[in-house]
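An overview of the molecular structure
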Amino acid sequence: MVTILLALAALFLAGHLFFRLYPSFGGKPKRKHLKQSPNYRNRKFINQIPTSMAMHVGGAMSLIRDSMRRNQHKRPAKPLLVEHPDPQALLSATIPELVWFGHSASLLRLQSQTILLDPMLGPSPSPFTAIGPRRFSKSLPMTPEEIPHVDAVLISHDHYDHLDYPTIKKLRSKTDKFFVPLGVGAHLRSWGVKPHQIVEMDWWDEVKFESLIFVCTPARHFSGRTLTDRYKTLWCSWVISGKNTKLFFSGDTGYGPHFKQIGEKYGPFDLTLMECGQYDERWPNIHMMPEQTLAAHQDVRGRRLFPLHWGAFVLALHPWADSVERLRKVAKAAHVPVVTPRIGEIVSIKAPTYPKTTWWKAYS
């Protein structure tokens, strides 16, 4: 009996140390720092409106059943080809430009500033990349090493498909500032980012950065990198305002009243970067259906709609390009222009024309 108890104690200690020390899990934010937020109650962050993530037994069983089915359309039929823009030419651009890396990761060039949005540039959104879902493309438009200098990184939340430990390690020495929602700074500090590089923000906080203004705005989602830290850090969307250009980046979110609030306070927007993918009727509160993506774009008073959160990984059970197909259909009926560049293609944000090809059909 003593031997068994000692073995169990050793196993428990090993597990505890693993979850404390494995670097990809990140750091633990200090409650004293978070308690000031009106969005922090009973030791966790909350959404503006009730957002249940509970799944009834039937839903859980159907999810298991559907996950086991062979689905030829969850991934492209062949690896996606990406474009490789010249980093130096892009970073010297004098007009607002954007490059999509797949999923939500994007590089924005605005008023001589280089901004990365949710730069998950690793091969798999998992703490254990060897066994996580694999990227659809074999390469990236630019690797972290190829990006010469980053003025600002904006993070929407701490999930693995948006905040990647190996990527942050490669960017930390070439990035001036990291703007993150409350609590996420603990992860960055544990990964060697200097405290003076990190700016933590609550919903509706505004900060002036060089000639730009960043606003941390609400989203309807959740957070967490382990089984025990759900809701321990905040999640958000972002408003990015320049002198003559304004963008909205939704982060991950379910549909909710926050979109109209943001549109009334900060709209209209030249371009909205909207979540559109990884949805399911069994988790309707934390990710939007494509039809809701269009409604959110209209709520924030956007001009052109750029769908994100697709084109890189299998994180849901719908066909890999279903999101953009459904979005284009409803957007056409509503006369909303949808921007659909290839991964790596340079998008001129305010040009009279924009990418709108159905390039993904070549991979069906």
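Quick caveat, the model's predicted, so the values are computed rather than measured.

1. Some thoughts on the environment of histidine 221
By the element assignment, histidine 221 lies in the loop between strand 10 (212-217) and strand 11 (237-241). Look at histidine 221 and you get buried, because its relative accessible area is 1%. Separated by 168 residues in the primary sequence, histidine 221 and methionine 53 have C-alpha atoms spaced 9.5 Å apart. The contact partners of histidine 221, leaving out residues within four places of it in the chain, are Asn47, His157, His159, Trp235, Asp252, Thr253, Ile286 and His287. Within polar-contact distance, the side chain of histidine 221 engages the backbone oxygen of isoleucine 286 at 3.0 Å.

2. Focus: helix 9 (residues 322-333)
Taking 1.5 Å of rise per residue, the 12 residues of helix 9 would be expected to cover 16 Å, and the 17 Å separating its terminal C-alpha atoms lies within 8% of that figure. For helix 9, every residue scored as buried is listed here: Ser323, Val324, Leu327 and Ala331. Mapping the buried residues of helix 9 onto a view down its axis gives an arc of 85°, with all of them on the same face. In helix 9, the exposed positions that point more than 90 degrees away from the buried face belong to Lys329, Lys332 and Ala333. Contacts made by the buried residues of helix 9 are with helix 8 (290-299) and strand 14 (302-308). Downstream of helix 9 by one or two residues, histidine 335 has phi in the positive range, about 60°.

3. Observations concerning empty space enclosed by the protein
Across all of its chains, the model carries 3 cavities of 30 Å³ or more by this definition. Its boundaries defined by the atoms lining it, the largest cavity holds a volume of some 50 Å³. By residue class, the composition of the lining of the largest cavity is 8 nonpolar, 3 polar and 1 charged. Estimates place the volume of the second largest cavity at around 40 Å³. Every residue lining the second largest cavity is listed: Asp270, Leu271, Arg304, Val339, Val347, Ser348, Ile349 and Tyr354. Where the lining of the second largest cavity is concerned, the elements lending two or more residues are strand 13 (269-275) and strand 15 (346-348).

4. Some details on the packing of aromatic side chains
This structure, assessed with the given rule, holds 23 aromatic pairs. A ring pair is formed by tryptophan 359 and tryptophan 360, whose centres lie 5.8 Å apart and whose planes are at 80°; its orientation type is edge-to-face. There is no split in this pair, since tryptophan 359 and tryptophan 360 are both buried. Chaining the aromatic ring pairs together yields one cluster made of Trp100, Phe136, Phe306, Trp310, Trp320, Trp359, Trp360 and Tyr363. Over the ring of tyrosine 363 we find lysine 78, and its NZ or CZ is 5.5 Å from the ring centre. Here the guanidinium or amino end of lysine 356 rests over the ring plane of tyrosine 354, the centre of that ring lying 5.1 Å away.

5. A look at the environment of tryptophan 204
By the secondary structure assignment, tryptophan 204 is in the loop between strand 8 (198-201) and strand 9 (206-209). We classify tryptophan 204 as partly exposed; its relative accessible area is 27%. Apart from the residues within four sequence positions on either side, tryptophan 204 is in contact with Gln48, Val215, Cys216, Thr217, Pro218, Gln261, Ile262, Lys265 and Tyr266.

6. With respect to the pairing of strand 13
The buried fraction of strand 13 amounts to 7 of the 7 residues, a majority that puts the element mostly inside the structure. Relative to strand 13, strand 12 (residues 246-249) runs parallel, the two being bridged by 3 bridges. The residue bridging leucine 247 from the neighbouring strand is leucine 271, located in strand 13. Bridge analysis of strand 13 against strand 14 gives 6 bridges, and the strand direction is parallel. Residue leucine 273 lies in a different strand from strand 14, and its bridge partner there is phenylalanine 306. The β-α-β motif built from strand 13, the intervening helix 8 and the parallel element strand 14 has right-handed crossover chirality.

Definitions and limits used
- Residues numbered from 1 in each chain as written.
- Predicted model: local features only at pLDDT ≥ 70, side-chain atom pairs only at ≥ 80, totals over all residues.
- Heavy atoms only, no water.
- Helix = DSSP H or I, 4+ residues; strand = E, 2+ residues; numbered from the N terminus.
- Buried < 20%, exposed > 50% of the residue type's maximum accessible area, 1.4 Å probe, protein only.
- Contact = heavy atoms within 4.5 Å.
- Polar contact = N/O pair within 3.5 Å; in protein donor to acceptor, adjacent residues only side chain to side chain.
- Expected span 1.5 Å × (residues − 1).
- Arc of directions from axis to C-beta.
- 1 Å grid on protein atoms, 1.4 Å probe; cavity = no way out; pocket = protein on both sides within 12 Å on 5 of 7 lines; lining within 4 Å.
- Points joined across faces, edges and corners; volume = space filled by probe spheres on them.
- Nonpolar A, V, L, I, M, F, W, Y, C, P; charged D, E, K, R; others polar.
- Phe/Tyr/Trp six-rings, centres within 6.5 Å; stacked < 30°, edge-to-face > 60°.
- Lys NZ or Arg CZ within 6 Å of the ring centre and 35° of its normal.
- Pairing = 2+ DSSP bridges.
- Right-handed = clockwise from strand over helix to strand, strands pointing away.

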